[in-house]
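Chain residues, written in single-letter form:
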Amino acid sequence: CVLRQRQERTPLQRALEHLLKKLEMRDPQQFFAWPVTDNIAPGYSAIITHPMDFCTMRQKVDDNQYKDLQDFMSDFKLMCTNAMQYNQSDTIYYKASKKLLHAGMKLVQPDKIGWLITLTP
Ligand SMILES: CC(=O)c1cc(-c2ccccn2)c2ncccn12
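Along each chain, the written sequence defines residue order, and numbers are assigned to residues from 1. Local features in a predicted model are, by the rule used here, given only for residues with pLDDT of at least 70; side-chain atom pairs are given and counted only at 80 or more, and totals for whole chains, interfaces and linings are based on all residues. Side-chain numbers here rest on the full set of heavy atoms in the structure, without hydrogens or water.

Here we take up the overall build of the protein chain. In DSSP terms, a helix is any run of H or I states spanning at least four residues, a strand is any run of E spanning at least two, and both are numbered starting from the N terminus. When its secondary structure is counted, the protein chain shows six helices and zero strands. Element order for the protein chain, N to C, with α for helix and β for strand: α-α-α-α-α-α. A radius of gyration in this sense is built from C-alpha atoms; the matching globule rule multiplies 2.2 Å by the number of residues raised to 0.38. Its C-alpha atoms give the protein chain a radius of gyration of 15 Å, near enough to 14 Å, the size a compact globule of 121 residues would have. Based on the C-alpha atoms only, the size of the protein chain along its principal axes is roughly 45 × 30 × 25 Å. Taking all 121 residues of the protein chain together, the buried fraction comes to 40%. It only takes one pair of heavy atoms within 4.5 Å for two residues to be counted as in contact. Contacts in the protein chain between residues at least 24 apart in sequence constitute 68% of all its contacts with a sequence separation of at least 6. A simple rule labels every residue: compare its accessible area, found with a 1.4 Å probe on the protein chains alone, to the largest value its type can have, and call it buried under 20%, exposed over 50%, or partly exposed in between.

What follows is the structure, encoded as structure tokens:
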């Protein structure tokens, strides 16, 4: 998940970049910053078929791979639900992912996305 140089940005890319920064701020321990590896989480790649993390999401924003906000949010939800699937409910990772998911959903509520509308025509 190597970050590339900043290329030209579409209005959607700028909006998703802005939202990604807000979401990352809700993960101060950086549990979701990078792909989960099998050595920190035994058997992870056998259990989680579609891994996702913030760095991969940033790469996809940079490569303009999200066609709209819903597309971006489905990767965010995937990242959180992966953590709730792999980790037991009494773990810090499960609890952090549940909190992160709710915080993320609140950020994209219709009354809260004025920023999105101003950034995208
Ligand atoms: C997100 C997740 O499931 C996760 C992140 C981590 C993690 C992330 C950064 C540093 C240390 N651990 C983790 N460790 C064990 C089991 C699961 N995880």
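That covers the picture; the talk isn't over yet.
As a further point, take the site of the ligand. Lining the immediate environment of the ligand, one finds Gln-30, Phe-31, Phe-32, Val-36, Ile-40, Ala-41, Asn-87 and Tyr-93. Polar contacts, as used here, are pairs of N or O atoms within 3.5 Å; protein pairs need one atom able to donate a hydrogen and one able to accept it. Residues neighboring in sequence count only if both atoms are side-chain atoms. Tyr-93 is positioned such that a nitrogen or oxygen atom in its side chain is 3.3 Å from a nitrogen atom of the ligand. Methods summary: accessible areas were calculated by the Shrake-Rupley approach with a probe of 1.4 Å, and residue burial reflects only the protein chains presented. Surface burial for the ligand is 77%, taken as the share of its 400 Å² of free accessible area covered by protein chains. The cavity that encloses the ligand is the largest pocket. Grouping the amino acids of the shell around the ligand by side-chain chemistry returns six nonpolar, two polar and no charged. For this purpose, a residue is taken to be near a molecule or strand whenever a single non-hydrogen atom of the residue falls within 4 Å of it. In the cavity and pocket records, a cavity denotes points on a 1 Å grid over the protein atoms alone where a 1.4 Å probe fits but cannot get out, a pocket denotes an open set with protein on both sides within 12 Å along at least 5 of 7 lines, and lining residues are residues with an atom within 4 Å of a point. Whether a molecule lies in a cavity or pocket depends on its atoms, and more than half of them have to be within 2 Å of the grid points. In this classification, the charged set is Asp, Glu, Lys and Arg, the nonpolar set is Ala, Val, Leu, Ile, Met, Phe, Trp, Tyr, Cys and Pro, and all remaining amino acids, among them Gly, are polar.

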